[in-house]
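As a plain string of letters, each chain reads:
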Amino acid sequence: VEVSKKHVEENDFELRDCLVYLMLHAISGIASIACLGYLCLINVWVHAFMILLVALICVYRGAVRYTYYAVHMYSRKIRQDLSLPYDNMV
């Protein structure tokens, strides 16, 4: 555990650890595509639920990104341009 924390802090990983992680990620990704695809094929309600779930995730992530752009990034840029202090943020 301590070694793992040290690797994360220093961003220094062994090639073997990286390859194992990538291989497991690829295997689980392909397996999930096959399993979820089969479930969507045999049951229309699972398919509808998956479509709804993906749509909701996309809407949420888009809203978070828009909020970041519209509120945080631009307000910081405007405050820099106007030389306003950051402690007066509303």
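First, a word on scope: everything that follows refers to the structure included in this document. (Residues numbered from 1 in each chain as written. Predicted model: local features only at pLDDT ≥ 70, side-chain atom pairs only at ≥ 80, totals over all residues. Heavy atoms only, no water.)

1. What about the pattern of salt bridges?
Where charged atoms from two side chains of opposite charge come close, those side chains can pair.
Phase 1: Following the criterion strictly, the structure yields one salt bridge and no others.
Phase 2: Here R16 ties to E14 by a salt bridge, and the two come within 2.9 Å at their closest N and O atoms. (Salt bridge = Lys/Arg side-chain N within 4 Å of Asp/Glu carboxyl O.)

2. Topic: a nonpolar patch on the surface
Phase 1: Among the surface-exposed residues, L36, Y38, L39, L41 and I42 lie close enough to one another that they form a single nonpolar patch of about 540 Å² accessible area.
Phase 2: Among the structural elements, I42 can be located in helix 2 (residues 15-42). (Patch = residues over 30% accessible without salt bridge, like charges linked within 9 Å, V, L, I, M, F, W, Y side chains within 5 Å. Areas by Shrake-Rupley, 256 points an atom, 1.4 Å probe, with all protein chains shown as cover. Helix = DSSP H or I, 4+ residues; strand = E, 2+ residues; numbered from the N terminus.)

3. Comments concerning helix 3 (residues 44-82)
Phase 1: The end-to-end C-alpha distance of helix 3, which contains 39 residues, comes to 56 Å, matching closely the 57 Å that a straight helix rising 1.5 Å per residue would cover.
Phase 2: Y68 marks the point of greatest bend in helix 3, at about 30°.
Phase 3: Residue N43 occupies the N-cap position of helix 3, its side-chain oxygen lying 2.9 Å from the main-chain nitrogen of W45.
Phase 4: S83 sits one or two residues past helix 3 and shows a positive phi near 55°. (Expected span 1.5 Å × (residues − 1). Bend = angle between axes of the 7 residues up to and from the residue. Polar contact = N/O pair within 3.5 Å; in protein donor to acceptor, adjacent residues only side chain to side chain.)

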